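# Examining the three-dimensional arrangement
Residue strings, one per chain:
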Amino acid sequence: MDTIKENIKKILDELPDGVELVAAAKARTPEQVNQAVEAGIKIIGENYVQEAEKAFNFLGKKARWHFIGHLQRNKVKKAIRIFDMIETVDSMKLAKEIETRAEREDLVMPVLIEVNSGREEQKFGVFPQDVEEFARKIAEFDHLKLQGLMTMGPMVGDPENARPYFVETRKVFEKLKKLSIPSAEMKYLSMGMTNSYKIAVEEGANIVRIGTKIFGPR
Ligand SMILES: *Cc1c(COP(=O)(O)O)cnc(C)c1O
């Protein structure tokens, strides 16, 4: 068995039922991404539209495609033709642009709100205390389908240090669920990467995004 296949098998074997694995594909070749799909990956996560296009041209709809990077507004038009979900809606301007472009393409784009759970000024995402208001607004857009939250959390050495950020994001997620915002469907909580996904799952993640542990070091 090749390494990518072994790595994926290991991760899939240990992930609890109901947790979806996104293969974070940044800096990997379309061939590597294809290998991952052949080994059982159902969802590819891409940080860059241009890189995604190359892999998408190679694989097409053999997998589902999630956008997990910071989406520039001038890339939205291309992005909505490739992606099945945009996990990283991080500003109202971006949400509006997706709404406009999706309406033109006559489609409804599933989205997650990116939560800046570390409240880091230099990072993208909506601060935890602002998520409710943001969610209520974007739920009113006819061509966005709000389906949950995503967070990165600050870069921390020991993954245990990431736990409080996952806990806080989970709390916001549960609160939004209880609000039953019309036309929102709060069902996905995307948290955790190679270092931190086990902790993220313990804290309620049902999407994990893993790159290094699948493909090796970048
Ligand atoms: C790169 C990346 C990942 C995966 O990171 P690894 O540490 O390689 O598993 C997950 N999420 C996002 C948003 C990323 O950019």
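Scroll up for the structure.
Residues numbered from 1 in each chain as written. Predicted model: local features only at pLDDT ≥ 70, side-chain atom pairs only at ≥ 80, totals over all residues. Heavy atoms only, no water.

## Section: the layout of surface pockets
- What the largest pocket holds in volume is close to 420 Å³.
- Together, 22 residues line the largest pocket, and Met-155, Met-193, Thr-194, Asn-195 and Ser-196 are the ones closest to its centre.
- Of the residues that constitute the lining of the largest pocket, the class distribution is ten nonpolar, eight polar and four charged.
- Roughly 260 Å³ of volume is contained in the second largest pocket.
- If you trace the second largest pocket, you find 18 residues lining it, with His-70, Glu-114, Lys-123, Phe-124 and Met-152 closest to the centre.
- Its residues assigned to classes, the lining of the second largest pocket shows seven nonpolar, eight polar and three charged. (1 Å grid on protein atoms, 1.4 Å probe; cavity = no way out; pocket = protein on both sides within 12 Å on 5 of 7 lines; lining within 4 Å. Points joined across faces, edges and corners; volume = space filled by probe spheres on them. Nonpolar A, V, L, I, M, F, W, Y, C, P; charged D, E, K, R; others polar.)

## Quick word on the nonpolar core
- Ranked by size, the top nonpolar core spans 66 residues in total, and within it Ile-86, Ile-98, Ile-113, Ile-138, Leu-149, Val-208 and Ile-214 carry the most contacts.
- Considering each element in turn, this core owes the most residues, five residues, to helix α3 (residues 49-59).
- Residue contacts for Ile-138: discarding those within four places in its chain leaves Met-92, Ala-95, Val-111, Ile-113, Leu-144 and Leu-146. (Core = buried A, V, L, I, M, F, W, Y, C linked by side-chain atoms within 4.5 Å. Buried < 20%, exposed > 50% of the residue type's maximum accessible area, 1.4 Å probe, protein only. Helix = DSSP H or I, 4+ residues; strand = E, 2+ residues; numbered from the N terminus. Contact = heavy atoms within 4.5 Å.)

## Concerning the site of the ligand
- Lys-26, Asn-47, Thr-194, Gly-211 and Thr-212 are the nearest of the 13 residues found near the ligand.
- Thr-194 places a side-chain nitrogen or oxygen 2.5 Å from an oxygen atom of the ligand.
- Gly-211 places a polar main-chain atom, nitrogen or oxygen, 2.8 Å from an oxygen atom of the ligand.
- Bound to the protein, the ligand loses 93% of the 390 Å² it would expose on its own.
- When atom positions are compared with the pocket grids, the ligand is found to occupy the largest pocket.
- Here the shell around the ligand is composed, by residue class, of six nonpolar, four polar and three charged. (Near = heavy atom within 4 Å. Polar contact = N/O pair within 3.5 Å; in protein donor to acceptor, adjacent residues only side chain to side chain. Areas by Shrake-Rupley, 256 points an atom, 1.4 Å probe, with all protein chains shown as cover. Sits in = over half its atoms within 2 Å of the grid points.)

## A word on the side chain of Arg-209
- Its place among the elements puts Arg-209 in strand β8 (residues 207-210).
- In this structure, Arg-209 is buried with no salt-bridge partner, the nearest side chain bearing the opposite charge being Glu-87 at 4.3 Å.
- Reaching out from Arg-209, the side chain makes a polar contact with the side chain of Ser-190 at a distance of 2.9 Å.
- Each residue touching Arg-209, except ones within four places of it in the same chain, is listed here: Val-22, Ile-68, Glu-87, Met-150, Thr-151, Met-152, Ser-190, Met-191, Gly-192, Met-193 and Thr-194. (Lys, Arg positive; Asp, Glu negative; His and termini not counted. Salt bridge = Lys/Arg side-chain N within 4 Å of Asp/Glu carboxyl O.)

## So, helix α6 (residues 131-138)
- Along α6, the residues that are buried comprise Val-131, Phe-134, Ala-135 and Ile-138. Projected down its long axis, α6 carries its buried residues within an arc of 100°, all on one side.
- Considering only its buried residues, α6 is in contact with β4 (85-89), α5 (92-105), β5 (109-115), β6 (144-151) and α7 (163-179). (Arc of directions from axis to C-beta.)

## Points about the pairing of strand β7 (residues 188-191)
- Alternating residues of β7 divide into Tyr-188 and Ser-190 and Leu-189 and Met-191, and every residue in both groups is buried.
- Alignment of β6 against β7, held across four bridges, turns out to be parallel. Bridging from a neighbouring strand, Met-150 pairs with Ser-190 of β7.
- The parallel pair β6 and β7 is bridged by α7, and the resulting crossover is right-handed. (Pairing = 2+ DSSP bridges. Right-handed = clockwise from strand over helix to strand, strands pointing away.)

Read these as spatial facts, not as claims about activity.
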